[in-house]
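Below are the chains, spelled out letter by letter.
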Amino acid sequence: MARCFLILENGTIAEGTGFGFEKTIFGEVVFNTGMSGYQESLTDPSYKGQILVMSHPLIGDYGINPRYSESDSVQVAGYAVREACKDPSKMYGGKSLDEYLKENKVPGISEIDTRSIILDIRSSGVLKGAITFDDDPEKLLDEVCKMPAYASKNWVEEVSTKKVVRYENKGAKKLAVIDCGVKNSILSELKKRFEVIMVPYNVDKSFFRNEDIDGVFLSNGPGDPAHPAIQESTIQTVKAIKEDYPIMGICYGTQLLARAFGGTTYKMKFGHRGSNQPIKHNGKVYITSQNHGYAVDKESLEGTGFVADHINVNDGTVEGITHKELPVFAVQYHPEAAAGPHDTMFLFDEFKKKLEESR
């Protein structure tokens, strides 16, 4: 294993042991508090362009298995852990984290004080950073500080489908999924209930006029929902169809819906990423899986027709919105979990009911 460094824009240079693919990468540094589900996190398109730090000290102990992938490849730019298990359980095939990252050409760093890094992020907010195997990390610090802000790039373009993809389910309602980086587990839940037509994030409103569609789903995805490319494409399409169909959004989809109806969003200090976030909805508390660095501004919902009816118990941020008149709702968390609790899986059935009642 080679010597490796994690460099942060605040001047921190953590020396550790490299694993995975040996190359220098740059990205926004975020952390995840999950004790399991590392493969799901690695392959979640919402992490595109980010260096992911895991809070749990041992990662990779149960190996890698294709059934737990949320996309076709590793999506994180880089990976940082306290300890990368070198001899995983054979239960799921025995492939190690090191092998998996090598195959996907993604670098990792281990044997660093991840707790200290996470405390830095909680104190300062998300940081620009780099992982390098170069023997002189100091020379990269200036480059890290000058790198463009994460929000400046349209990350959705990199993870969205480039063509229309159809999944048959004869006799079921037809659902258009606007793909901003949809997880496999979300698609799986939708395909059980609907005939799914997956379309690119920048699909034109004319598509919906030419197709027999019963409902629309807005997926999770990476980056800033206020990015100009998103404002000019996805937001405009949603504005044009928002009163025509039942609509459900998850994660990034919540932010898109809020903005399409006149609300605003903001970048959180360090976001919510993990499988143990409590939210309150209709007088009950549910434990949820989350991965988001942006949130809907609650005050901005006034006059949009939305009410914020899912609230994070820890910090009071908006975790879900429901329209008072239209069959439209969205949640900031992940009811499909993967990984995480299935407390809110019923939301998919509630959406199916809205489609059945609408036509």
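This is a predicted model, so every value here is computed, not measured. Along each chain, the written sequence defines residue order, and numbers are assigned to residues from 1. Reporting in this predicted model follows two pLDDT cut-offs: at least 70 for local features of residues, and 80 or more for side-chain atom pairs to be given and counted; totals over whole chains, interfaces and linings ignore these cut-offs and use all residues. By convention in this description, side-chain values take in all heavy atoms of the structure and omit both hydrogens and water.

Colleague: Lay out the packing of aromatic side chains in plain terms, naming residues and giving numbers.
Modeller: Paired rings are identified among Phe, Tyr and Trp, the last through its six-membered ring, by centres lying within 6.5 Å, and are further divided according to the angle between planes into stacked (under 30 degrees), edge-to-face (over 60) and tilted (the rest). Under the definition given, this model contains nine aromatic pairs. These aromatic residues form a ring-pair network of at least three members: Phe194, Phe329 and Phe351. Here, a charge over a ring is recorded when the distance from Lys NZ or Arg CZ to the ring centre is within 6 Å and its angle to the ring normal is within 35 degrees. Looking at Lys242, its charged tip hangs above the ring of Phe261, at a distance of 4.7 Å from the centre.

Colleague: Break down the UniProt feature "binding site: L-glutamine" (unreviewed entry) in the protein for me, citing the residues and quoting the values.
Modeller: UniProt positions are given in the numbering used here, feature names are shortened, and annotations may be inferred rather than shown by experiment. On the UniProt side, "binding site: L-glutamine" (unreviewed entry) is annotated at positions that read Ser46, Gly221, Gly223, Gln255, Asn291, Gly293 and Tyr294 here. Across 249 residues, the annotated set stays spatially compact, with a maximum C-alpha separation of 13.4 Å. For the purposes of this entry, the term helix denotes a DSSP run of H or I that reaches at least four residues, the term strand denotes a run of E that reaches at least two, and both are numbered from the N terminus. Within the secondary structure, Gly223 is located in the loop between strand 13 (215-218) and helix 8 (228-232). In this scheme, a residue with accessible area under 20% of its type's maximum is buried, one over 50% is exposed, and one in between is partly exposed, where area comes from a 1.4 Å probe on protein chains only. The exposure class of Gly223 is buried, given its relative accessible area of 9%. The contact definition used throughout considers only heavy atoms, calling two residues in contact when any of these lie within 4.5 Å. In contact with Gly223, not counting residues within four places along its chain, are Tyr150, Trp155, Tyr252 and Tyr294. By the element assignment, Asn291 lies in strand 16 (residues 284-296). Asn291 sits in the buried class, given a relative accessible area of 6%.

Colleague: With reference to specific residues and values, describe the nonpolar core.
Modeller: By nonpolar core is meant a set of buried Ala, Val, Leu, Ile, Met, Phe, Trp, Tyr and Cys residues that side-chain atoms within 4.5 Å join together. Leu6, Leu42, Tyr79, Leu97 and Ile121 are the most contacted members of the largest nonpolar core, which has 39 residues in total. Ignoring any residue separated from it by four or fewer positions in sequence, one finds Leu97 in contact with Phe19, Tyr38, Leu42, Ile59, Gly60, Ile64, Tyr79 and Ala84. Ranked by size, the runner-up nonpolar core spans 32 residues in total, among them Tyr245, Phe261, Ile321 and Ala330.

Colleague: Go over the domain arrangement of the protein, please, and point to the residues and values.
Modeller: Just so you know, the domain bounds were taken from an automatic or database domain assignment. On domain assignment, one finds that the protein holds domain 1 (3-146) and domain 2 (155-357). Centre-to-centre separation of domain 1 and domain 2, based on C-alpha positions: 27 Å. The partner domain 2 presents 21 residues to the 26 residues of domain 1 that form the contact. Three residues stand out in domain 1 for area buried against domain 2, namely Ser46, Lys48 and Glu70, and they jointly supply 31% of the buried area on that side. By convention in these notes, a salt bridge is any Lys or Arg side-chain nitrogen within 4 Å of a carboxyl oxygen on Asp or Glu. Inspection of the region where domain 1 meets domain 2 yields one salt bridge. What qualifies as a polar contact is a pair of N or O atoms within 3.5 Å, subject to a donor-acceptor requirement within protein and to the restriction that residues adjacent in sequence count only when both atoms come from side chains. Seen at the junction of domain 1 and domain 2, the total is twelve residue pairs in polar contact (both at pLDDT 80 or more). Listing elements by their share of the side of domain 1 that touches domain 2, those giving two or more residues are strand 3 (25-32) and helix 3 (114-124). Asp, Glu, Lys and Arg are counted as charged, while Ala, Val, Leu, Ile, Met, Phe, Trp, Tyr, Cys and Pro are counted as nonpolar; the rest, among them Gly, fall into the polar class. For the side of domain 1 that touches domain 2, the class distribution of residues is six nonpolar, 14 polar and six charged. In this description, buried area is defined as the sum, over both parts, of the accessible area (probe of 1.4 Å) that is lost when the two are combined.

Colleague: Residue-level account of the sheet that holds strand 8 (residues 107-110), with values.
Modeller: Here seven strands make up a closed barrel; going around it, the order is 1-2-8-6-4-3-9 and the pairing mixed. Strand-to-strand twist in this sheet, taken as the mean axis angle between neighbours without regard to direction, amounts to 35°. In this structure, strand 2 (residues 13-20) lies alongside strand 8, joined through four bridges in antiparallel fashion. In the sheet register, Phe19 faces strand 8, and the bridge partner there is Gly108. What makes two strands pair is DSSP finding at least two bridges between them. Comment: axis = line fitted to C-alpha atoms, over the contacting stretch for helices; angle = value between 0 and 180 degrees taken between N-to-C directions.

Colleague: Go over the environment of Glu158 with me, naming the residues and quoting the values.
Modeller: In this fold, Glu158 is placed in helix 5 (residues 156-159). Glu158 sits 134 residues away from Thr24 along the chain, and the two C-alpha atoms are 20 Å apart. When residues no more than four places from it in sequence are discounted, the contact partners of Glu158 are Lys48 and Lys153.

Colleague: A description of a nonpolar patch on the surface should follow, citing residues and the corresponding values.
Modeller: Each patch groups residues whose relative accessible area exceeds 30% and which form no salt bridge, using 9 Å between like charges and 5 Å between nonpolar side chains of Val, Leu, Ile, Met, Phe, Trp and Tyr. The Shrake-Rupley method, run with a 1.4 Å probe sphere, supplies the accessible areas, and residue values consider only the shown protein chains as cover. On the surface, a nonpolar cluster with roughly 240 Å² of combined accessible area is contributed by Val285, Ile287 and Val313. Relative to the assigned elements, Val285 resides in strand 16.

Colleague: Pulling in residues and values, what's your account of the UniProt feature "domain: Carbamoyl-phosphate synthase small subunit N-terminal" (unreviewed entry) in the protein?
Modeller: Per the UniProt record, "domain: Carbamoyl-phosphate synthase small subunit N-terminal" (unreviewed entry) is annotated on residues 2-132. Helix makes up 18% of residues 2-132 and strand makes up 34%, while its end C-alpha atoms are separated by 10 Å.

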